[in-house]
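# Observations on chain architecture
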Amino acid sequence: IFSTSTGSTAYSMAAGGSVVHPAVPAILVTPICPHVLSFRSMVFPDHVILRCYVPEDARADAAVAFDGKHRRDLHRGDSVQVRMSAHPVPTINKSDHSSDWLKSLKRNFNFNTRARQRPL
């Protein structure tokens, strides 16, 4: 999965990737069911251009989808280039960027919360 910091709390997190603050200008790469245990989620700076390709000697073709839609087949030798848009999508915040984000994580995922314990 290739995602931005904004997308890190959706697809990337569901696949076991890192959760990254939306203000961090980054591209995340999160493998889905990797065949090699050493392949882990990675975070790249926003200025890099990443390329994912299907090797010429691959046993089968592959496919790519964009936000779960617009599926396209990739054949041996095909590639997809990923880079950060020059035009980021602005967001609206209720209070400030960080507290809105942290409250959203806590509310939606019980992030950094624990059940209240009864007194002894």
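Let us look at the structure shown here. Residue positions within a chain follow its written sequence, with the count starting from 1. Selection of residues for local features in this predicted model requires a pLDDT of at least 70, selection of side-chain atom pairs for listing and counting requires 80 or more, and totals for whole chains, interfaces and linings are taken over all residues. Processing note: side-chain calculations cover all non-hydrogen atoms of the structure and skip hydrogens and water entirely.

Let's shift gears to the sheet that holds strand E2 (residues 26-29). Strand order in the open sheet formed by three strands is E1-E2-E3, with antiparallel pairing between adjacent strands. The open sheet has two edge strands with one neighbour each: strand E1 (2-4) and strand E3 (42-45). Here the strands of the sheet are splayed against their neighbours by 30° on average, with no regard to which way each runs. Two strands are said to pair when DSSP picks up at least two bridges between them. Secondary structure is summarised from DSSP: a helix means a run of H or I of at least four residues, a strand means a run of E of at least two, and numbering begins at the N terminus for each. Two elements, E2 and E3, share four bridges in a ladder whose sense is antiparallel. Across the sheet, the residue bridging to Ile-27 is Phe-44, located in E3. Axes, fitted as lines to C-alpha atoms, cover a helix only where it is in contact. Angles between the N-to-C directions of the axes lie from 0 to 180 degrees.

Salt bridge, as applied in this entry: a Lys or Arg side-chain nitrogen positioned within 4 Å of an Asp or Glu carboxyl oxygen. Scanning the model with the defined rule gives two salt bridges in all. The partner of Arg-76 in a salt bridge is Asp-61, and the shortest N-O contact between them spans 3.9 Å. You can see Arg-76 sitting in the loop between strand E6 (69-74) and strand E7 (79-82) and its partner Asp-61 sitting in the loop between strand E4 (50-53) and strand E5 (62-66), a full 15 residues away along the chain. For every residue, the accessible area (1.4 Å probe, protein chains only) is compared with the maximum for its type, and the residue is labelled buried under 20%, exposed over 50%, or partly exposed between those bounds. Owing to a relative accessible area of 39%, Arg-76 belongs among the partly exposed residues under this scheme. Given a relative accessible area of 40%, Asp-61 falls into the partly exposed group. A salt bridge links Asp-73 to Arg-71; its shortest N-O distance comes to 3.8 Å. With respect to class, Asp-73 is no different from Arg-71; both count as exposed.

Attention shifts here to the nonpolar core. In this text, buried Ala, Val, Leu, Ile, Met, Phe, Trp, Tyr and Cys residues form a nonpolar core when linked through side-chain atoms within 4.5 Å. The biggest cluster of nonpolar side chains holds 10 residues, and these are Ile-27, Val-29, Val-48, Leu-50, Val-54, Ala-58, Val-64, Leu-74, Val-80 and Val-82. For this core, the secondary-structure elements that each account for two or more residues are E2 and E7. Throughout, a contact is declared for two residues whenever any of their heavy atoms are within 4.5 Å. Discounting residues that sit within four places of it in the chain, Ile-27 has contacts with Ser-3, Met-42, Val-43, Phe-44, Val-48, Leu-50, Val-82, Arg-83 and Met-84.

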